[in-house]
Amino acid sequence: MKNRYGLALLLTGILVFWSCKSTGTVTEVPPPAPSPTTPEAQPQPPVGPDQAAVNALNTAIARAEKERKLAEDFKSPSYFPAEWGTAEGEYRSITVDRTSTATVQAAERRYNAVADTYHALFQKTVPLYAADIEDEGLKARDAAIAAGIEEYVPEYLDIADDTALSAESAYFAEDYYKAQADALEALDRYRSLTTGLEAYHIREQIEQRNATGFDQTNFDRADQILLAAAASYEGEAVKDALAGAGESKTIYDTILKAATR
């Protein structure tokens, strides 16, 4: 009896075991969480030059242009053609790469260097230019004196001399453009006086030959032009004075030649 009871218990235990195994709850293991991924790096826009470098470059370019013009205006290409050619080659070879501060600064250094070259060239040129224009002015003054300006209208010579002295003062004050303008004006004044007096002397010859009536119309026209030239001289329209003196001289000379054939 005891064996039958024990066997029943054993069978009951086995059945219960299999029943639990077949109907038991299965615990699912969750999948591993995805690991965070690093976002792809985005391309960065290129970094340009800083504004201070750009400003310095623009200043250097302006300086180079100013020094170049100054040297050219005072005839450096004529006095020193080889050195001018070298400076021009360097100036024209400069290119500006504005992609970075370093490239902009490199261009700035080149522009400043060529500006120094033009400045040094001008410093060598300007005394030569001043000496040449002064010599030309003195020769023109001597010609006016030889034509008789001191006898006829010495006050006109004084005006020209004052202009020449103004040029000299401006030169020593290093106001070179004013010095140049005054020196060229003085030169035109001296030439106007010489040409005007030459015209007047031809007119005198016409009168001495009693040939005014040979071409009275043009003779009168030449008189009017010569008087207008004198007014232009006094009114500081010096180029008009020089042109008028030359035109009247040509007319008088034509009348004189026709009258003496």
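Scroll up for the structure.
Residues numbered from 1 in each chain as written. Predicted model: local features only at pLDDT ≥ 70, side-chain atom pairs only at ≥ 80, totals over all residues. Heavy atoms only, no water.

(A) A look at the overall build of the chain. Secondary structure summary: the chain contains ten helices and zero strands in total. Its helices and strands taken in sequence order, the chain reads α-α-α-α-α-α-α-α-α-α from the N to the C terminus. A buried classification covers 32% of the 261 residues belonging to the chain. (Helix = DSSP H or I, 4+ residues; strand = E, 2+ residues; numbered from the N terminus. Buried < 20%, exposed > 50% of the residue type's maximum accessible area, 1.4 Å probe, protein only.)

(B) The pattern of salt bridges, seen in detail. For the coordinates displayed, the defined rule picks out 17 salt bridges. Measuring nitrogen to oxygen at the nearest pair gives 2.4 Å for the salt bridge that ties R63 to D116. With R63 in helix α2 (residues 51-73) and D116 in helix α5 (residues 101-147), the pair connects residues that are 53 residues apart, well separated along the chain. With relative accessibility at 41%, the residue D116 sits in the partly exposed group. Residue E88 pairs with R92 through a salt bridge whose shortest N-O separation is 3.0 Å. Taken together, the residues span about one helical turn, with E88 and R92 both in helix α4 (residues 81-93) at a distance of four residues. When its relative accessible area of 10% is taken as the criterion, E88 is described as buried. Salt bridges sharing common partners tie together R68, E88 and R92. (Salt bridge = Lys/Arg side-chain N within 4 Å of Asp/Glu carboxyl O.)

(C) Highlighting the packing of α5 against helix α7 (residues 154-172). Where α5 contacts α7, the axes come no closer than 12 Å and their chain directions differ by 170°. By the angle class used here, α5 and α7 are roughly antiparallel. Counting all contacts with α5, which are made through V126, P127, A130, R141 and I145, the residues of α7 involved are L157, D161 and Y171. Residues belonging to the contact of α5 with α7 are distributed by class as follows: six nonpolar, no polar and two charged. (Axes fitted to C-alpha atoms, helices over the stretch in contact; angles between N-to-C directions. Parallel < 35°, antiparallel > 145°, perpendicular 65-115°, else oblique. Contact = heavy atoms within 4.5 Å. Nonpolar A, V, L, I, M, F, W, Y, C, P; charged D, E, K, R; others polar.)

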